[in-house]
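# Commentary on secondary and tertiary structure
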Amino acid sequence: MLLMKYQESWVNDFNELKQVLDNSILTKDIIIEHIGSTSIKNLAAKPIIDIDIIYRKPETFNEILMGLERLGYYHNGNQGIPGREVFKRHESGNHIILDKITHHLYVCQSNSNELKRHLIFRDYLRENEMERVQYEKLKYKIAEKTRQDRKEYAKLKEVMAKEFIESIIKKSNHTSL
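Residues numbered from 1 in each chain as written. Predicted model: local features only at pLDDT ≥ 70, side-chain atom pairs only at ≥ 80, totals over all residues. Heavy atoms only, no water.

## What to know about the nonpolar core
With 26 residues, the main nonpolar core has Leu21, Ile51, Ile53 and Leu68 as its most contacted residues. Elements with a minimum of two residues in this core: α1 (9-24), β1 (30-35), β2 (49-55), α2 (60-70) and β5 (103-109). The dominant element in this core, judged by the number of residues it contributes, is α1, at five residues. Excluding residues within four positions of it along the chain, leucine 68 makes contact with Leu21, Ile25, Ile53, Tyr73, Phe87, Leu105 and Val107. The next biggest cluster of nonpolar side chains, apart from the first, holds 15 residues, and it includes Leu2, Tyr135, Tyr153 and Ala161. (Core = buried A, V, L, I, M, F, W, Y, C linked by side-chain atoms within 4.5 Å. Buried < 20%, exposed > 50% of the residue type's maximum accessible area, 1.4 Å probe, protein only. Helix = DSSP H or I, 4+ residues; strand = E, 2+ residues; numbered from the N terminus. Contact = heavy atoms within 4.5 Å.)

If you want it as structure tokens, here you go:
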């Protein structure tokens, strides 16, 4: 099954990942946020923890990069989304936490529109049950339509969820994004 009912363990998974990242990135000028569906209580999700590492000063990016490289990550560009740098990990299989918990890692400057969108959407769904339920139904519909295929799900979700996400951004009074 592609989507799972919400798991309380996702909070612990995030906290374990956060601790490893925090300990390896020498600068303390960062904030590490749990984003995406696994960060929203009672929302079904793919069991993948999404993480944003947030920094203020542009020069901090290189310190983050070095810390992540020490952990076996490599910078994979922005993958077509300005303001969100993607980091992937070489599959070494020897880190007790990073190899155990499936996750996606992004690095965003604090003024990034993409970061703002992540946080606005997450926070709105955390506070608004009706929209959370609506979004969950949409996700199940997409999963059914794609016959639980992960890649097809991601492609279709990008198209089908876009309108829903935009409506949430507008409802939250952040129309300047």
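From this point, the narrative continues.
## Considering the packing of aromatic side chains
Applying the stated criterion to the full structure yields six aromatic pairs. Seen in terms of ring centroids, tyrosine 135 and phenylalanine 164 are 5.3 Å apart; in terms of plane orientation they differ by 10°. Their pairing is stacked. Of this pair, tyrosine 135 sits in helix α4 (residues 129-145) while phenylalanine 164 sits in helix α5 (residues 150-171), and the two are 29 residues apart along the sequence. Residue tyrosine 135 shares its accessibility class with phenylalanine 164, and that shared class is buried. These aromatic residues form a ring-pair network of at least three members: Tyr55, Phe61 and Phe87. In this structure, arginine 89 packs its charged tip against the face of tyrosine 73, placed 5.9 Å from the ring centre. (Phe/Tyr/Trp six-rings, centres within 6.5 Å; stacked < 30°, edge-to-face > 60°. Lys NZ or Arg CZ within 6 Å of the ring centre and 35° of its normal.)

## Details of the packing of α4 against α5
Where α4 contacts α5, the two axes come as close as 9 Å, and the packing angle between them is 165°. By the angle between their axes, α4 is roughly antiparallel relative to α5. The crossing of α4 and α5 is right-handed. Contacts between α4 and α5 involve Glu131, Gln134, Tyr135, Leu138, Lys139, Lys141, Ile142, Ala143 and Lys145 on the former and, on the latter, Tyr153, Leu156, Lys157, Met160, Ala161, Phe164, Ile168 and Lys171. In terms of residue class, the contact of α4 with α5 is built from 10 nonpolar, one polar and six charged. (Axes fitted to C-alpha atoms, helices over the stretch in contact; angles between N-to-C directions. Parallel < 35°, antiparallel > 145°, perpendicular 65-115°, else oblique. Left-handed = near helix turned anticlockwise from the far one by under 90°. Nonpolar A, V, L, I, M, F, W, Y, C, P; charged D, E, K, R; others polar.)

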